[in-house]
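Each chain is listed here by its residues.
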Protein chains: 2
Amino acid sequence: MRAEELKGHLDAVLLAALEDGPRHGYAVIESLRQNTGGRLDLPTGTIYPALRRLEQAGLITGSWSVVGGRRRREYRLTAAGTRALTGKRADWLDFSAMVSAALEGRPCPSPV
Amino acid sequence: MRAEELKGHLDAVLLAALEDGPRHGYAVIESLRQNTGGRLDLPTGTIYPALRRLEQAGLITGSWSVVGGRRRREYRLTAAGTRALTGKRADWLDFSAMVSAALEGRPCPSPV
DNA sequence: ACCTGATATATAGCATTGCTACTTATGAAC
DNA sequence: GTTCATAAGTAGCAATGCTATATATCAGGT
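Rules used in this analysis
- Residues numbered from 1 in each chain as written.
- Chains lettered and ligands numbered in written order.
- Predicted model: local features only at pLDDT ≥ 70, side-chain atom pairs only at ≥ 80, totals over all residues.
- Contact = placed C-beta atoms within 7 Å.
- Helix = DSSP H or I, 4+ residues; strand = E, 2+ residues; numbered from the N terminus.
- Nonpolar A, V, L, I, M, F, W, Y, C, P; charged D, E, K, R; others polar.
- Near = placed C-beta within 6 Å.
- Pairing = 2+ DSSP bridges.

Caption draft 1: Quick peek at the interface of chain A and chain B. Contacts between the two partners involve 32 residues from chain A, matched on the other side by 32 residues from chain B. If you list the elements that add at least two residues to the side of chain A that touches chain B, you get helix H1 (10-17), helix H2 (25-35) and helix H4 (79-104) of chain A. Considering each element in turn, the side of chain A that touches chain B owes the most residues, 10 residues, to H4(A). Counted by class, the side of chain A that touches chain B contains 15 nonpolar, 8 polar and 9 charged residues.

Below, the structure is given as structure tokens:
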């Protein structure tokens, strides 16, 4: 995948990955890789800073734990994060319809 | 629309806007605004530098003309631009399927 | 003992990219 | 003569994801 394509949509993807339940960064990477047949294989240098950003924004909360001798930081959605995810999902539908329309040269269906 | 959402997809949208025939920057803005019911209203500070980038990349060629006393720079797709557009359309389909899958928490359909 | 690979997190610095704000200029309308 | 639509441009900014690198633990093989 081209690098810049994900820009502006990573947060939504990460929030969605945490929707089923709390996960730590490494598990998020694995989960995304699995669900996309290996096509979305995000580097750690992308994931960890992004999760920190989301935490600082109050959309997720993290807590340390140790499993099998290795420390983990497990993140879960906050109420604000759940709301943000709902909004971002709507944004995505709107946005993707718009780009699809633009690429196909037909007028864009108005939202809702 | 959130500002960062378009990142990485503007080029494809612009190339597509030039597919029907040559257009100048201002007309591209108008055209996109019309086709999206006003939702994609790109500022000139976005369009003009982007068209220059595409020209420098050899995907479009521009030529000056004067219409009604006002100078225009009219752009048309090159052969490379047409090829690039085909590729970018495929990229978009792949990418949007992936993000949609990620946001809906279901596994991603493999491409083709 | 040693090495490799998977697990797990982190950061500095970079490159790209679209936007804001501003400038310049013409023609039409009032 | 002022305002608005048309038309193009630039400087500088902010955001964001990536590369490269570092640290550390544990399992498995030799």
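Caption draft 2: Structural view of the protein's contact with DNA strand C. Close to DNA strand C lie 31 residues, the nearest being A:His24, A:Gly45, B:Gly45, B:Thr46 and B:Gly69. When contributions to the surface near DNA strand C are tallied by element, the ones reaching two or more residues are H2, helix H3 (44-56) and strand S3 (70-77) of chain A together with helix H3 (44-56) of chain B. Residues that form the surface near DNA strand C fall into these classes: 12 nonpolar, 11 polar and 8 charged.

Caption draft 3: Layout of the pairing of strand S3 (residues 70-77) of chain B. All names here are of chain B. In terms of strand pairing, strand S1 (residues 23-24) meets S3 through 2 bridges, oriented antiparallel. When the sheet's bridge partners are listed, Arg23 is paired in S3 with Tyr75. Alignment of strand S2 (residues 60-67) against S3, held across 8 bridges, turns out to be antiparallel. Following the sheet pairing, Gly62 is matched in S3 by Tyr75. Hairpin connection from S2 to S3: 2 residues lie between these consecutive antiparallel strands, with Gly68 at a positive phi of about 60 degrees.

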